[in-house]
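# Structure at a glance
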Amino acid sequence: MIDEFGDEIAFEDLDTCCQKEVISNRRHKEVTAKLRVGDRSQLRNDARDSVFTNLFTGSKCGCCSVSKDYPMLALIRSKAEGLGSTEEDKSEESEESDSDLDLDDDYISPFELERKNDFARIQLATKNAKDYGYAEHLDDSVDHILADILADTTYVLHVYNPSELLCGELDYLLEKLSIKYLGTKFRRVSVSFSQDILNKFQVVGVSSTALAHSGTLLCFHNKYLTATSTTFTEFSDGHRIYEEDVTKFFHGGRALSTELPQCFEVNAFTQGGLLSAARIKESLEQEDEEVYCDDPDCTRKYKHEHVGGANNTPASYMTANNAAGSEALAKNALYQL
């Protein structure tokens, strides 16, 4: 049991009533577990959930290991985050300034509005892509990777050696590219699964000499192997990875795509409560065309009546000493509410 400060309390130190509650909860869990084993309907539900849960992401089922940083990737990430702390602070300041731009402001320039909508479109597209296993570079099982390739998915696969520094640097770069190229699925798998890959990937053009113990980068397009690198000399000098050369290598293998798969392609213009520039312009035009009173020169944007004084003066719509004026004043108050 946990106390109010988050510390665990030993069973012997609990009050008698709390000890009884703990024993009762344990007994309840034991009985529930026994009943669950013999409940056929529950077994069917468990089997169904294991199939349909995270069906598209593919990396969350029982046959896959949890994706986490291996030693060299963790080292590269810590170095990159340490060097990039200043840039992150600047980007946070920029994001804060962007957040100040609200559609409810009195005025938003067309440029600011377009930028805000572009940002919303990118954010929503990335979120939807992640729901289907795109826009991220993760560890995955050999069977899932092969199934994706055979499903005609544009694919980048890194067979990494966890003790190679270049592999860690490459995986860190692939994480960035996966967000940029939403139509390509990026995955990695340890070199310890090389034999399993060689046994199963022959149908997609992977030969027995296609993998190296130090690491291999593979590209797939139209269900077949289109490019492979076992030495990384195409984009590395042996000490570091060059993003521009990696991108050229992928383009040569037709492995980069920004086209969103049709299964999750959406129009982000109208999502998240944001209106497109066209819709806002149309709304403003409709508002300008709407008539709120009998005075064509009046600039008040709510329905009202002019009584008592000269048109478009405070007295004309705020005060009046007759019944008509009182009625108009009451209407004005209701409209403004």
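As a starting point, this report considers the structure included with it. Model, not experiment: these values are computed from the prediction. (Residues numbered from 1 in each chain as written. Predicted model: local features only at pLDDT ≥ 70, side-chain atom pairs only at ≥ 80, totals over all residues. Heavy atoms only, no water.)

## Quick look at the sheet that holds strand β3 (residues 185-190)
Rules: Note on pairing: two strands pair once DSSP finds at least 2 bridges between them. Numbering goes from the N terminus for both helices and strands, where a helix is a DSSP run of H or I of at least four residues and a strand is a run of E of at least two. To define axes, lines are fitted to C-alpha atoms, for helices over the stretch in contact only, and angles between the resulting N-to-C directions are given on a 0 to 180 degree scale. Here a residue-residue contact requires only that any non-hydrogen atoms of the pair lie within 4.5 Å.
Strand order in the open sheet formed by 5 strands is β1-β3-β2-β4-β5, with mixed pairing between adjacent strands. Strands at the two margins of the open sheet, each flanked by one partner only, are β1 (137-139) and β5 (224-229). Each strand axis lies, on average, 25° off the axis of its neighbour in the sheet, ignoring direction. Two elements, strand β4 (residues 216-221) and β5, share 5 bridges in a ladder whose sense is antiparallel. Opposite His 221, over in β5, you have Tyr 224 as the bridge partner. The strands touched by helix α9 (residues 243-252) within the sheet are β2 (155-160), β3, β4 and β5, with β4 carrying the most contacts at an inclination of about 40°.

## Some points on the pattern of salt bridges
Our working definition: We define a salt bridge as a contact between a side-chain nitrogen of Lys or Arg and a carboxyl oxygen of Asp or Glu at a distance within 4 Å. Only protein chains enter the calculation, and the probe is 1.4 Å; a residue is then buried if its accessible area is under 20% of its type maximum, exposed if over 50%, and partly exposed in between.
Counted by the stated rule, this structure contains 12 salt bridges. For Arg 188, the salt bridge is made with Glu 175, and the minimal N-O distance between the two is 3.8 Å. Here Arg 188 is found in strand β3, whereas its partner Glu 175 is found in helix α7 (residues 165-180), with 13 residues between them in sequence. As far as burial versus exposure is concerned, Arg 188 and Glu 175 are alike and both buried. One salt bridge connects Glu 243 with Lys 176, and the closest N-O pair in it is separated by 3.7 Å. Pair noted here: Glu 243 is in helix α9 and Lys 176 is in helix α7, with a separation of 67 residues, a long-range link. Glu 243 sits in the partly exposed class, given a relative accessible area of 34%. Overall, Lys 176 belongs to the partly exposed group, its relative accessible area being 46%. Among the charged side chains, a salt-bridge network with shared partners connects Asp 69, Arg 77, Asp 139, Glu 175 and Arg 188.

## What to know about α9
For clarity, the cut-off: This arc is taken over the directions from the axis of the helix to the C-beta atoms.
Burial in α9 covers these residues: Val 246, Thr 247, Phe 249 and Phe 250. Looking straight down α9, one finds that the buried residues subtend no more than 160° of arc, so they occupy a single side. Residues of α9 that are exposed and point over 90 degrees away from its buried face: Glu 244, Lys 248 and Gly 252. On its buried face, α9 is in contact with β2, α7, β3, β4 and β5. One or two positions beyond α9, positive phi appears at Arg 254, with a value near 50°.

## Quick notes on the environment of Gln 202
To keep it simple, the criterion reads: Counted as a polar contact is a pair of N or O atoms within 3.5 Å, where, for protein atoms, one must be capable of donating a hydrogen and the other of accepting one, and residues adjacent in sequence contribute only when both atoms are in side chains.
The residue Gln 202 is located in the loop between α8 (194-200) and β4 in this model. Relative accessible area serves as the criterion here: at 57%, Gln 202 is assigned to the exposed category. The spacing of Gln 202 and Tyr 224 is 22 residues in sequence and 9.7 Å in space, taken between C-alpha atoms. Within the structure, Gln 202 has its side chain in polar contact with the backbone oxygen of Leu 198 (distance 3.4 Å).

## What to know about the packing of α7 against α9
Under the convention used in this document: Angles below 35 degrees are treated as roughly parallel, those above 145 as roughly antiparallel, those between 65 and 115 as roughly perpendicular, and all remaining angles as oblique. Helix crossings are classified by the rotation of the near helix relative to the far one: an anticlockwise turn of less than a right angle makes the crossing left-handed, while a clockwise turn makes it right-handed.
Remark: α7 packs on α9, axes separated minimally by 11 Å, with the N-to-C direction vectors making an angle of 70°. As far as their axial angle goes, α9 and α7 are roughly perpendicular. For α7 against α9, the interelement crossing comes out right-handed. Contact residues: Leu 170, Leu 173, Leu 174, Lys 176 and Leu 177 in α7; Glu 243, Val 246, Thr 247 and Phe 250 in α9.

## Some remarks on the packing of aromatic side chains
Worth spelling out the cut-off: What counts as a ring pair is set by centres within 6.5 Å for rings of Phe, Tyr and Trp (its six-membered ring), and what kind of pair is set by the plane angle: stacked under 30 degrees, edge-to-face over 60, tilted for all other angles. The rule is short: NZ of Lys or CZ of Arg within 6 Å of the ring centre and within 35 degrees of the ring normal puts a charge over the ring.
With the rule as written, the count across this model stands at 6 aromatic pairs. Here Phe 235 and Phe 249 contribute two aromatic rings whose centre-to-centre distance is 5.5 Å and whose plane-to-plane angle is 65°, an arrangement assigned as edge-to-face. Here Phe 249 lies in helix α9 and Phe 235 lies in the loop between β5 and α9, a separation of 14 residues in the sequence. In this structure Phe 235 comes out as buried when scored by relative accessible area, which is 0%. Classification of Phe 249 by relative accessible area gives buried; the value is 12%. Taken together, the ring pairs in this structure connect Phe 186, Phe 232, Phe 235, Phe 249 and Phe 250 into an aromatic cluster. Cation over ring: Lys 185 sits above Tyr 134, and NZ or CZ is 4.9 Å from the ring centre.

## Overview of the side chain of Asp 148
By the element assignment, Asp 148 lies in helix α6 (residues 142-150). For Asp 148, a relative accessible area of 17% corresponds to the buried category. In this structure Asp 148 touches Thr 153, Tyr 155 and Lys 185, once residues within four positions along its chain are discounted.

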